[in-house]
Amino acid sequence: MFSRLLSVARRQRTGRGWQNWSSGRSGASAAEVHSVALPAQAQVVICGGGIMGTSVAYHLSKMGWKDIVLLEQGRLAAGSTRFCAGVLSTARHLTIEQKMADYSNKLYHQLEQETGIQTEPLLSSLLRRMPELETLEIMKLVNCPETFTPDMRCIMGESPAVQGYFVLAGMNSAGLSFGGGAGRYLAEWMVHGYPSESIWELDLKRFGALQSSRTFLRHRVMEVMPLLYDLKVPRWDFQTGRQLRTSPLYDRLDAQGARWMEKHGFERPKYFVPPDKDLLALEQSKTFYKPDWFDIVESEVKCCKEAVCVIDMSSFTKFEITSTGDQALEILQYLFSNDLDVPVGHIVHTGMLNEGGGYENDCSIARLSKRSFFMISPTDQQVHCWAWLKKHMPEDSNLLLEDVTWKYTALNLIGPRAVDVLSELSYAPMTPDHFPSLFCKEMSVGYANGIRVMSMTHTGEPGFMLYIPIEYALHVYNEVMSVGQKYGIRNAGYYALRSLRIEKFFAFWGQDLNTLTTPLECGRESRVKLDKGMDFIGRDALLQQKQNGVYKRLTMFILDDHDTDLDLWPWWGEPIYRNGQYAGKTTSSAYSYTLERHVCLGFVHNFSEDTGEEQVVTADFINRGEYEIDIAGHRFQAKAKLYPVTSLFTHKRRKDDVELSDLHGK
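Figured I'd write up the structure that's included with this text. Just so it is clear, the model here is predicted, and its values are computed rather than measured.

What counts and what doesn't
- Residues numbered from 1 in each chain as written.
- Predicted model: local features only at pLDDT ≥ 70, side-chain atom pairs only at ≥ 80, totals over all residues.
- Heavy atoms only, no water.
- Helix = DSSP H or I, 4+ residues; strand = E, 2+ residues; numbered from the N terminus.
- Buried < 20%, exposed > 50% of the residue type's maximum accessible area, 1.4 Å probe, protein only.
- Contact = heavy atoms within 4.5 Å.
- Areas by Shrake-Rupley, 256 points an atom, 1.4 Å probe, with all protein chains shown as cover.
- Core = buried A, V, L, I, M, F, W, Y, C linked by side-chain atoms within 4.5 Å.
- Pairing = 2+ DSSP bridges.
- 1 Å grid on protein atoms, 1.4 Å probe; cavity = no way out; pocket = protein on both sides within 12 Å on 5 of 7 lines; lining within 4 Å.
- Points joined across faces, edges and corners; volume = space filled by probe spheres on them.
- Nonpolar A, V, L, I, M, F, W, Y, C, P; charged D, E, K, R; others polar.
- Axes fitted to C-alpha atoms, helices over the stretch in contact; angles between N-to-C directions.
- Salt bridge = Lys/Arg side-chain N within 4 Å of Asp/Glu carboxyl O.
- Phe/Tyr/Trp six-rings, centres within 6.5 Å; stacked < 30°, edge-to-face > 60°.
- Lys NZ or Arg CZ within 6 Å of the ring centre and 35° of its normal.
- Patch = residues over 30% accessible without salt bridge, like charges linked within 9 Å, V, L, I, M, F, W, Y side chains within 5 Å.
- Polar contact = N/O pair within 3.5 Å; in protein donor to acceptor, adjacent residues only side chain to side chain.

**A short note on the overall build of the protein chain**
And step 1. The number of helices and strands found in the protein chain is 18 helices and 24 strands.
And step 2. In the protein chain, which comprises 666 residues, the proportion classed as buried is 49%.
And step 3. Considering only contacts in the protein chain between residues 6 or more positions apart, those separated by 24 or more positions represent 67%.
And step 4. Within the structure as shown, the protein chain displays about 32800 Å² of accessible surface, and the carbon and sulfur contribution to it stands at 51%.

**Examining the nonpolar core**
The nonpolar side chains of a soluble globular protein tend to be buried with one another.
And step 1. By size, the foremost hydrophobic cluster in this structure holds 38 residues, and its most contacted members are Val-297, Phe-374, Met-454 and Tyr-467.
And step 2. Those elements giving two or more residues to this core turn out to be helix H10 (294–306), strand S7 (309–312), strand S11 (372–377), strand S13 (408–414), strand S16 (463–469) and helix H15 (494–503).
And step 3. Looking at this core element by element, the count peaks at 6 residues for H10.
And step 4. Leave out the neighbours within four places in its chain, and Val-297 touches Tyr-271, Tyr-495, Ala-496 and Tyr-593.
And step 5. If you look at the next biggest cluster of nonpolar residues, it comprises 33 residues, including Tyr-250, Leu-253, Phe-435 and Tyr-487.

**Notes on the pairing of strand S5 (residues 258–263)**
A regular strand places its side chains so that they alternate between the two faces of the sheet.
And step 1. Judged from the 6 bridges that link them, S5 and strand S6 (residues 266–272) form a sheet pairing that is antiparallel. When the bridges of S6 are listed, Lys-263 appears paired with Phe-266.
And step 2. Here S5 hands over to S6 after 2 residues, with His-264 in that stretch at a positive phi of 55 degrees.

**What about empty space enclosed by the protein?**
And step 1. This model, assessed by the stated rule, comprises 1 cavity of 30 Å³ or more.
And step 2. By volume, the largest cavity amounts to about 100 Å³.
And step 3. Lining of the largest cavity is provided by 14 residues; of these, Arg-235, Trp-293, Trp-569, Ala-590 and Tyr-591 occupy positions nearest its centre.
And step 4. Breaking the lining of the largest cavity down by element, the ones donating at least two residues are H15 and strand S20 (581–592).
And step 5. Partitioned by chemical class, the residues of the lining of the largest cavity number 9 nonpolar, 3 polar and 2 charged.

**Section: the sheet that holds strand S10 (residues 359–369)**
And step 1. Strands sit in the order S9-S10-S11-S8-S12 across an open sheet of 5 strands; the sheet is antiparallel. Edge positions in the sheet fall to strand S9 (347–353) and strand S12 (399–403), since each has one partner strand and no second. Recorded for the sheet is a direction-independent mean angle of 25 degrees between the axes of neighbouring strands.
And step 2. Of the pairings in the sheet, the one linking S10 to S11 comprises 5 bridges and is antiparallel in character. Following the sheet pairing, Arg-367 is matched in S11 by Phe-373.
And step 3. Helix H11 (residues 327–335) contacts strand S8 (317–323), S9, S10, S11 and S12 of the sheet and is inclined by roughly 130 degrees relative to S8.

**Side note on the pattern of salt bridges**
And step 1. Under the criterion given, the structure shown has 28 salt bridges.
And step 2. With a shortest N-O distance of 3.7 Å, Asp-254 and Arg-259 are connected by a salt bridge.
And step 3. According to the relative accessible area criterion, Asp-254 is partly exposed, its value standing at 30%.
And step 4. Glu-442 is the partner of Arg-452 in a salt bridge, and the nearest nitrogen-oxygen pair spans 3.5 Å. Within this pair, whereas Arg-452 is found in strand S15 (residues 448–454), its partner Glu-442 is found in strand S14 (residues 440–445), the two being separated by 10 residues in sequence.

**Some words on the side chain of Thr-409**
And step 1. Structurally, Thr-409 is set in strand S13.
And step 2. Setting aside anything within four residues of it in sequence, one finds Thr-409 in contact with Ser-247, Pro-248, Leu-249, Asp-312, Ser-314, Leu-466, Tyr-467, Ile-468, Ile-470 and Ala-473.

**A closer look at the packing of aromatic side chains**
And step 1. Tallied over the entire structure, the rule returns 23 aromatic pairs.
And step 2. Here the aromatic rings of Phe-266 and Trp-406 are separated by 5.5 Å at their centres, their planes lie at 15 degrees, and the arrangement is stacked. Here Trp-406 lies in the loop between S12 and S13 and Phe-266 lies in strand S6, a separation of 140 residues in the sequence.
And step 3. Look at Phe-266 and you get buried, because its relative accessible area is 2%.
And step 4. Ring centres 4.7 Å apart and planes at 55 degrees place the aromatic pair Trp-293 and Tyr-495 in the tilted group. In this pair, Trp-293 sits in the loop between helix H9 (279–284) and H10 while Tyr-495 sits in helix H15, placing the two residues 202 residues apart along the sequence.
And step 5. For Trp-293, a relative accessible area of 13% corresponds to the buried category.
And step 6. Judged by relative accessible area, Tyr-495 falls into the buried class, the value being 6%.
And step 7. Grouped by ring-pair contacts, the aromatic residues Tyr-271, Trp-293, Phe-294, Tyr-495, Trp-569, Trp-571, Tyr-591 and Tyr-593 constitute a single cluster.
And step 8. Arg-184 extends its terminal NZ or CZ atom over the ring of Tyr-103, reaching a point 4.8 Å from the ring centre.
And step 9. Residue placement shows Arg-635 over the ring face of Tyr-577; its charged tip is 3.5 Å from the ring centre.

**Some thoughts on a nonpolar patch on the surface**
And step 1. Where nonpolar side chains cluster on the molecular surface, the patch consists of Leu-231, Phe-288 and Tyr-289 and spans about 300 Å² of accessible area.
And step 2. Relative to the assigned elements, Leu-231 resides in the loop between helix H7 (214–227) and helix H8 (250–255).

**Details of the side chain of Thr-555**
And step 1. When you line up the elements, Thr-555 lands in strand S18 (residues 552–559).
And step 2. Overall, Thr-555 belongs to the buried group, its relative accessible area being 0%.
And step 3. A distance of 3.0 Å separates a polar atom in the side chain of Thr-555 from the backbone oxygen of Arg-553.
And step 4. Sequence-distant contacts of Thr-555, that is, excluding residues within four places in its chain, are made with Phe-505, Cys-600, Leu-601, Gly-602, Val-604, Ile-622, Ala-640, Lys-641 and Leu-642.

So this is what it looks like as structure tokens:
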């Protein structure tokens, strides 16, 4: 790929068009452009000599790479970098962006010492030298091209289509702030195979081909530009580029009051507005306090607990891996941390780990047959997971990987009466004795055949997932809603799902888990086959971590003195304090209608008070601490738990029942 790039560059560079382009951009005459002979090969070719390209080249050289070619059509920093106002802000919404800006700020001061370059902001230096400039008026505004992205976050990482092709672009007018840090992380990625921080929120694989439509980009960027400086309340959504990917049930659900949010271009229901609610007021509600949808979600959660609810979860990524022999099982055993050699029909929760033991993906895999597997992953894993699997799977005509996301509509039936609804529709017993937990079976539901029914709900509540061929989706949904009326069925959305999963201490990839999080750091040792003597990616790192101990631990926090009606809510990213000392940040949070408290998930670290270095975190360390969650400068007391509270209550209730039965026996 690089050799082709060089050959194209050489032809353009020696051609007349290249000189005209170059001179036009730099403002120099054609005579001033000097031909430079390009090498026949290079370790890396960087296209673009602005702040990003030069930063990558600088960091690659610092990491030991020597054979670096930087191509620029004009002179260095002649593009948007030339018009930079010199503003370097380190106050950023995302943690990774803040780290990039902090590093950039330090790097620019370091460069001054290394090279003698003066990095003082231009305006400040001019005013210091010529104070009279303060009285001048602005007589001219400069227009220049700038790059923006569909979600206001830059694009970074390796292409999912071309191995070895890396991208760093789309700075959304923050190139100076991100230049140093972004160049460093991309250089680390190129040299080591991964950056030193989790950059999933910036990874180009968060986008797919669907976001490359010219019309989509034109409309979205017009919305993005003013939003860059707007106050963004929790759970806000873009208004442009919507209804791009929808479930076959979209119109049916929309007519019943569904309010929508978008994930990877897919419309997903947040909650369902009852007929007596003011829809306009709900849509315009923007707050960091108790939201107007609180009571709506409460009724949906209550229905999930006491009756049965339906959530359309069609957006989840779905792959099938099949082979003519044992190839599928063999490669999956190497790519995933849990044992997949289970009886046909069983479901395994597992992780797809990297060499460091971190989660590249968190998923569920059902064994459909001896040589066929069905994989369910988060919505935004569609491009990333596909690229990872294709990169690590051998080129074997007997091994097939297929994206079947669009072949199936997914309905989540949650609640104790879900078993009654399915029993009526399938004419088959659905009790745990006949349909145990984490089991998958193809069944008939209503008139439709070939429905993959799974005894799991992604919430910890009883119920079933139904994976329905799309041509049967509307029929099955109508049948479920019709039969379910006698059991109090209703629609529910992802806000209810979020509340249920967080109170059950269910961590989600992309929110609580990332590429630097290992199973041992989030209490998932049982999902790792360390004791079975089988090799898999990340095994060596996990064995080392098991011996040395973990340096962070996912913990559940229940707020004690927080007033849900009057106090600011926790949303995510709030600082965690242990015994008055900073110990980490929350990764997700929700109000638990069961506990009637706010519940936060987050990682607790053990920072040395003397050096600030991270130390081993044990269960005893977690349990002995006194905790506070800082919400906008106000600290609220919180109880820390390493296991879901509902599980503790269930365990205590079972213990009481045993003791009571023993007493009756005596």
